[in-house]
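Structural characterization, general
What follows is the residue order along each chain.
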Amino acid sequence: MRIHHLNCGSLRTIPLLGEERLTDAATGQLATVCHCLLIETDSDGLVLVDTGLGTADRHDPEGTLGAD
C-alpha cells in the first residue's frame, strides 16, 4: 500500500517552495489548503479520500475560512 498526499485546492495564496511563509498582515492567518489522500491498494486499486470542508465552515465561513 502506498499513500500520496495531494493539495487539491488552495483557499488563500500559498508561498512558492523555498519562500518564507508569511501571515496575512491584516488577519494574521496562514494559507488554507484542501488536503486529499490517494491510496494505492492491492485489492481495491486507487482510493481517493477527500475530507472536504467541515460543517463549521458552512455555518461560519467568514470565521473559519476568512472573508476572502
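These numbers were taken from a predicted model, which means no experiment stands behind them. (Residues numbered from 1 in each chain as written. Predicted model: local features only at pLDDT ≥ 70, side-chain atom pairs only at ≥ 80, totals over all residues. Heavy atoms only, no water.)

**Let's talk about the sheet that holds strand S2 (residues 33-41)**
Spelled out, the test is: By the convention used here, strands pair only if DSSP detects at least 2 bridges between them. Each helix is a run of H or I in the DSSP string that is no shorter than four residues. Each strand is a run of E no shorter than two, and both are numbered from the N terminus. A fitted line through C-alpha atoms represents every axis, and for helices the fit uses only the stretch in contact; the resulting angles, taken between N-to-C directions, go from 0 to 180 degrees.
A sheet is described by the order of its strands in space; here three strands give the open sequence S1-S2-S3, paired in antiparallel fashion. Single-partner strands in this sheet number two, and they are strand S1 (2-10) and strand S3 (45-50). Taking the axes of each pair of neighbouring strands and ignoring which way they run, one obtains an average angle of 25° across the sheet. The pairing of S1 with S2 spans eight bridges and is classified as antiparallel. Within the sheet, the bridge partner assigned to Gly9 lies in S2 and is Cys34.

**Some remarks on the confidence of the model for the chain**
The predicted coordinates of low-pLDDT regions are not to be read in fine detail. We count it as follows: Here pLDDT means the predictor's own confidence in every residue, given as a number from 0 to 100.
Averaged over all residues, the pLDDT of the chain equals 76, while 66% of them reach at least 70. At the level of individual helices and strands, the chain shows its lowest average pLDDT in helix H2 (residues 61-64), which scores 75, and its highest in S3, which scores 92.

**Quick look at the state of the cysteines**
Basically, it comes down to this: The criterion for a disulfide is a pair of cysteine sulfur atoms lying within 2.5 Å. Exposed residues in this analysis have more than 50% of their type's maximum accessible area, buried residues have under 20%, and partly exposed residues fall in between, with area computed by a 1.4 Å probe over protein chains only.
Considering all chains together, one arrives at one disulfide under this definition. Covalent S-S linkage joins Cys8 and Cys36, the inter-sulfur distance amounting to 2.5 Å. Residue Cys8 is located in strand S1, and its partner Cys36 is located in strand S2; the two are separated by 28 residues in the primary sequence. Sulfur of Cys34: no disulfide; nearest cysteine sulfur belongs to Cys36 and is 7.4 Å away. A residue is classified by how much of its surface remains accessible, and Cys34, at 21% relative accessible area, is partly exposed.

**Some remarks on the environment of Gly54**
With respect to the secondary-structure elements, Gly54 resides in the loop between S3 and helix H1 (55-59). Along the sequence, Gly54 and Thr64 sit 10 residues apart, while their C-alpha atoms lie 9.7 Å from each other.

**Re the pairing of S2**
The sheet contact formed by S2 and S3 spans six bridges and is antiparallel. Paired with Leu37 across the bridge in S3 is Val49. Between S2 and S3, which pair antiparallel in sequence order, lie three residues.

**Description of a nonpolar patch on the surface**
Worth spelling out the cut-off: Patch criteria: residues need more than 30% relative accessible area and no salt bridge. Like-charged residues are merged within 9 Å; nonpolar side chains of Val, Leu, Ile, Met, Phe, Trp and Tyr are merged within 5 Å. Using the Shrake-Rupley algorithm and a 1.4 Å probe, accessible areas are obtained, with residue cover drawn only from the displayed protein chains. For this analysis, a salt bridge means a side-chain nitrogen from Lys or Arg found within 4 Å of a carboxyl oxygen belonging to Asp or Glu.
A cluster of nonpolar side chains, contributed by Met1, Ile3, Leu37, Val47 and Val49, occupies part of the molecular surface with about 450 Å² of accessible area. Examined against the element boundaries, Ile3 turns out to sit in strand S1. Using a relative accessible area of 55% as the deciding quantity, one classes Ile3 as exposed.

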